[in-house]
Amino acid sequence: MSERAGQKAQEIDLVDINKLIDAYFEIHPDVTTAEQKVAFGTSGHRGTSLNGSFNEDHIAAITQAIVEYRQRENIHGPIYVGKDTHALSGPAQQTALEVLAGNDVITMVDAEGRYVPTPAVSVAIINHNEGKHAGDRTLADGLVIPPSHNPPTDGGFKYNPPHGGPADSDATNWIAARANEIILGGLREVKRAAPAPTKFHYRDNYVSQLADVLNMDAIRDSGVSIGADPMGGASVDYWGAIGERFALNLTVVNPNVDFQFGFMNLDWDGKIRMDCSSPHAMASLIENRARFDISTGNDADADRHGIVTRDGGLMNPNHFLAVGIDYLYRNRPGWAADAAVGKTMVSSSIINRVVADLGRRLIEVPVGFKWFVPGLVDGSVGFGGEESAGASFLRLDGSVWTTDKDGIILALLAGEIIAKTGKTPSQLYRELTERFGDPAYERVDAPANREAKARLSKLSGDQIAATELAGDPIMAKLTHAPGNGEAIRGVKVVTEFAWFAARPSGTEDVYKIYAESFKGAEHLAQVQREA
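Keep in mind the model is a prediction, meaning the values are calculated, not measured. (Residues numbered from 1 in each chain as written. Predicted model: local features only at pLDDT ≥ 70, side-chain atom pairs only at ≥ 80, totals over all residues. Heavy atoms only, no water.)

(A) Spatial organisation of the layout of surface pockets. In this structure, the second largest pocket encloses a volume near 880 Å³. Looking at the second largest pocket, it is lined by 42 residues, and the ones nearest its centre are Asp275, Ser277, Glu387, Arg443 and Asp445. Listing elements by their share of the lining of the second largest pocket, those giving two or more residues are helix H10 (317-328), strand S17 (440-447) and strand S23 (510-517). The leading source of residues in the lining of the second largest pocket is S17, at 5 residues. In terms of residue class, the lining of the second largest pocket is made up of 12 nonpolar, 14 polar and 16 charged. (1 Å grid on protein atoms, 1.4 Å probe; cavity = no way out; pocket = protein on both sides within 12 Å on 5 of 7 lines; lining within 4 Å. Points joined across faces, edges and corners; volume = space filled by probe spheres on them. Helix = DSSP H or I, 4+ residues; strand = E, 2+ residues; numbered from the N terminus. Nonpolar A, V, L, I, M, F, W, Y, C, P; charged D, E, K, R; others polar.)

Structure representation (structure tokens):
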């Protein structure tokens with residue numbers, strides 16, 4: 001933990017934007033080295049131009065590979081393109097548009113030149129494809145250009161196929177392999193031309209449909225006060241439009257965009273990171289929480305949420321997920337009676353107990369929102385959520401809304417919960433703990449290079465000789481998720497009262513150790529020591 005965690009960023013913390021963008025064009029990656037090749041993690045290809053891991057060659061090759069993948073899959077409709085507020089997102093979008101134009105692909109960009117949240121791209125794709133069947137040549141797909149909550153030095157590039165959510169591993173592995181081939185071939189196969197994209201009103205399309213997802217009338221009529229902080233991200237022009245359209249008591253906190261994100265508080269490691277689930281990055285909003293009934297934060301592409309209450313401060317993402325699930329499944333009569341709940345294996349086990357009490361089926365999957373996509377598309381999953389504060393849920397009528405994470409609707413859900421129950425999500429979580437126990441949960445991040453991450457991802461339960469964990473018999477050593485049988489790229493060890501899991505991050509060079517105990521903080525510490 002950095003001694004400066006939670007403090008305001010200083011001049012020394014700020015990236016040189018000109019140097020960053022110059023490096024995007026000037027550095028040519030060597031894809032024979034692991035650090036500089038195209039590699040899709042849990043959410044697209046990410047890196048920084050400064051070390052040759054996110055440069056124009058990467059984006060040109062990935063886009064050309066996506067064009068070829070579309071042809072392979074008989075996808076010939078338009079491609080919806082949106083970028084966030086990271087400095088590298090603009091140059092990356094321009095590169096992608098040139099390659100798409102060179103291949104005669106119709107592209108849809110924001111009509112006003114605005115930044116576009118990830119969920120707005122997902123909604124646009126789903127709207128376009130409504131009523132179309134697999135194999136229809138007019139199906140649309142999308143490119144999302146954010147590195148999510150990553151530091152200002154980073155860039156990100158993600159492909160969303162016609163279902164509107166993150167591409168599965170079969171698609172991303174093919175695209176990455178092909179992109180690396182194209183770079184090794186000197187980019188000779190890349191076609192480029194001056195872009196002439198079609199304009200699309202992403203914001204209006206997204207905002208106009210929110211009343212199909214949430215009880216906006218209840219939020220308005222209750223007068224609940226909401227302080228929405230875009231954290232310098234792509235939701236910056238959306239929150240004001242939401243407040244105006246639905247006449248909400250909503251204030252946009254810090255409506256500024258700064259490529260350096262110099263207004264941020266430093267995260268746990270002393271870096272600038274727009275992590276709306278971090279008490280360090282969210283320190284300013286927490287300090288001023290008395291101003292509003294609910295304060296909310298979103299990361300740079302608005303696919304994650306942070307919920308701050310007057311009485312409880314910043315909610316642990318697991319706590320809000322548990323409250324949100326309990327509320328939604330009791331207040332969405334339009335959802336199928338057998339609609340399941342989706343959670344990642346490293347989310348809190350209090351969710352398991354809430355879901356059991358609701359009489360619903362629980363589907364536990366590895367980290368990665370792509371695992372929830374099929375269920376959200378057909379309505380068999382009403383809610384899918386990750387411990388890292390990413391989630392989405394169905395429309396009021398039980399049909400699909402987004403198949404990517406949506407931090408905006410989760411933030412608005414907090415307002416609906418107060419409006420309908422008269423209690424804050426923090427109060428409701430305390431009520432859940434009185435019924436189901438009060439787990440102590442912590443995630444610890446630590447730096448790790450690619451080799452260390454690779455070793456961890458191949459760890460087997462058979463390599464763990466222990467039969468007890470923190471005094472309790474070990475019930476399971478899991479390397480695959482029970483909900484879908486997919487590898488978790490790490491290991492989870494479970495007892496009756498506690499568990500821990502270790503896995504490499506799919507978005508940064510860190511590994512993550514998660515642990516939880518229903519016996520309290522001291523027992524959690526023992527679990528962590530033995531892990």
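(B) The pattern of salt bridges, seen in detail. In the structure shown here, the tally under the stated rule is 30 salt bridges. Across the pair aspartate 357 and arginine 330 runs a salt bridge whose closest N-O atoms are separated by 3.0 Å. Note that aspartate 357 is positioned in helix H11 (residues 350-358) and arginine 330 in the loop between H10 and strand S13 (340-344), a separation of 27 residues in sequence. Judged by its relative accessible area of 36%, aspartate 357 is partly exposed. Given the relative accessible area of 47%, arginine 330 is considered partly exposed. The residue aspartate 445 makes a salt bridge to arginine 443 at a minimum N-O spacing of 3.0 Å. The class of aspartate 445 is buried, set by a relative accessible area of 15%. On the basis of relative accessibility, which here comes to 27%, the residue arginine 443 falls in the partly exposed class. (Salt bridge = Lys/Arg side-chain N within 4 Å of Asp/Glu carboxyl O. Buried < 20%, exposed > 50% of the residue type's maximum accessible area, 1.4 Å probe, protein only.)

(C) Layout of the environment of arginine 430. Tracing the backbone shows arginine 430 in helix H14 (residues 425-436). Overall, arginine 430 belongs to the partly exposed group, its relative accessible area being 41%. Arginine 430 sits 69 residues away from tryptophan 499 along the chain, and the two C-alpha atoms are 22 Å apart. Among the polar contacts listed, one links the side chain of arginine 430 to the side chain of aspartate 311, at a separation of 2.9 Å. (Polar contact = N/O pair within 3.5 Å; in protein donor to acceptor, adjacent residues only side chain to side chain.)

In short, the description is geometric, and any link to function would need to be established separately.
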